[in-house]
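One letter stands for each residue in the lines below.
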Amino acid sequence: MEEKCIICLDHEGVVVQRGCCCRGDAGAVHVDCLIAQAIHDHKLRAWTACDICKGPFTGQVQFGLAKARHVRAEGLAEDDTERLYAATALTNAMYGCGMIAEAAALELEVLEAHRRQLGPSHPDTMAASSNLAATYTRLARYSEAVALLCDVLPEVRAHYGRDSAETMRVAGIMATTMCLQGKNKEAEEMQRRVISEETTLWGPAHPDTLPDVVGLTLNLRDQGRLDEAEELSVSVVESTQRVLGADHPVTLGAARILGTILLLKGRAAEAEKVLSDTLKKMKRVRGATHLRTLDSASAQGDALCALHRLAEGIPLLQDTYTEQARVLGPEHPSPLATASALGGALIQNEQVDDGEAMLLATHATQAKVLGERHADTVRTASRMHECPGLEARAGIGGASGVSDASME
């Protein structure tokens, strides 16, 4: 049975899920119908959140609404509040659609405009600064992200208070950035403090608490504390499914991390089942070329190869690496993690020279970009450990570890 738009009750045209917490028929809409509704309502919230469940839009719907709002605001003065808010909404939507580099450029324009017009300590300027820092983190521009966060976090604490929702949000971005830099212990301390304060404020299953719990599962995994990571990951997947829905981006990110944990624990069949289901949903919800979808494809390819399904796994890893490197550049952690998995798979497929060359190049780049003790670098070294003489050629000793690190 074809889905029909809940607004116009027609099934013609492209009907999509609005990506909020609504389920089934209640979530099916034409983007153009939502745009018309937002224009008619004259309410700013109609551009960003569902009028039924009150949850924020995500994915294609979020981007379609934000783009339309931004176009409507282009004729306004440069310092007009609505124009700046529309630009901010579009940058958030760009990230949701995988357009991270484009989002960073627009966010920088917004931040500079806020600094000129409002000053560095205005709430809107602080929000723009932390948003840009989060985008820099997703682009693996960690030093720039930390510099922004070190400036803005004290301002946020002073303005909102240490226990405020905004302080928790910015501190969460800082913790995630530190984790992805490989500063896992420091990051864990901050993550647990943030989660504790969020739990006190809102409860353990609040939509604003759950993403930080997902981040903690990633950190525990990258520290090799797989039993703790699995227990927490199973719990947070159940919570996100119940609170946000099975197709919500946070739920899918949590499921992907759970799949990678199972894979690292040697439970490849269980991992493949989780990752296959997650990848199908990611493609439907976020699109085949979204960066988080590509991360899921990389993990799925790794799981297939672990099950000796090399004819499926190797092409998936090759295609994923090509797209990740095109969008993010070959030295971003995501394509490097995929290259590491691909190198190991090629060796498994008796393409030893190609596989060893890929592992050597990947390890050298990871050591330069991320550091030799980073979880991704250690994971590549563990793959090299299985190849006689390869570690000596790379100038490293035995290693074991875990896999990819990427911001949810």
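Below or above, wherever it landed, is the structure these notes cover. In this text, all values refer to a predicted model and were calculated from it rather than measured experimentally.

### Quick word on the overall build of the chain
Within the chain, the secondary structure is distributed over 18 helices and 2 strands. Computed over its C-alpha atoms, the radius of gyration of the chain comes to 22 Å, within 12% of the 22 Å expected for a compact globule of 408 residues. Viewed in the frame of its principal axes, the chain has a C-alpha envelope of about 65 × 55 × 40 Å. For the chain, with 408 residues in total, the buried portion stands at 54%. Taking the intrachain contacts of the chain between residues at least 6 apart in sequence as the baseline, contacts between residues at least 24 apart amount to 55%.

### Here's the deal with a nonpolar patch on the surface
A surface patch of nonpolar side chains, about 220 Å² in accessible area, is lined by Ile6, Ile7 and Ile52. Checked against the element boundaries, Ile7 lands in the segment before strand S1 (16-17). Note on Ile7: relative accessible area 32%, which makes it partly exposed.

### Points about the nonpolar core
Tyr136, Leu148, Leu149, Val152, Val170 and Met190 are the most contacted members of the largest nonpolar core, which totals 40 residues. Elements that contribute at least two residues to this core include exactly helix H3 (81-96), helix H4 (100-118), helix H5 (123-138), helix H6 (142-160), helix H7 (165-180), helix H8 (184-202) and helix H13 (291-306). Top contributing element to this core by residue count: H7, with 8 residues. Ignoring any residue separated from it by four or fewer positions in sequence, one finds Met190 in contact with Ala171, Met174, Ala175 and Met178.

### A closer look at the side chain of Thr377
Considering the arrangement of structural elements, one finds Thr377 in helix H17 (residues 375-385). Within the structure, the side chain of Thr377 is placed 2.8 Å from the backbone oxygen of Gly371, a separation counted as a polar contact. Every residue in contact with Thr377, bar those within four places of it in the chain, is listed here: His363, Gln366, Ala367, Leu370, Gly371 and Glu372.

### Quick notes on the pattern of salt bridges
Tallied over the full model, the rule gives 20 salt bridges. Salt-bridge contacts for Lys265 lead to Asp227; the nearest nitrogen and oxygen are separated by 2.7 Å. With Lys265 in the loop between helix H11 (249-264) and helix H12 (268-286) and Asp227 in helix H10 (residues 226-243), this residue pair connects regions lying 38 residues apart in the sequence. With its nearest N and O atoms 2.9 Å apart, the salt bridge here joins Arg267 to Glu230. Pair noted here: Arg267 is in the loop between H11 and H12 and Glu230 is in helix H10, with a separation of 37 residues, a long-range link. A relative accessible area of 14% means that Glu230 is categorised as buried. Salt bridges sharing common partners tie together Asp227, Glu230, Lys265, Arg267 and Glu270.

Rules behind the numbers
Residues numbered from 1 in each chain as written. Predicted model: local features only at pLDDT ≥ 70, side-chain atom pairs only at ≥ 80, totals over all residues. Heavy atoms only, no water. Helix = DSSP H or I, 4+ residues; strand = E, 2+ residues; numbered from the N terminus. Rg over C-alpha atoms; globule rule 2.2 N^0.38 Å. Buried < 20%, exposed > 50% of the residue type's maximum accessible area, 1.4 Å probe, protein only. Contact = heavy atoms within 4.5 Å. Patch = residues over 30% accessible without salt bridge, like charges linked within 9 Å, V, L, I, M, F, W, Y side chains within 5 Å. Areas by Shrake-Rupley, 256 points an atom, 1.4 Å probe, with all protein chains shown as cover. Salt bridge = Lys/Arg side-chain N within 4 Å of Asp/Glu carboxyl O. Core = buried A, V, L, I, M, F, W, Y, C linked by side-chain atoms within 4.5 Å. Polar contact = N/O pair within 3.5 Å; in protein donor to acceptor, adjacent residues only side chain to side chain.

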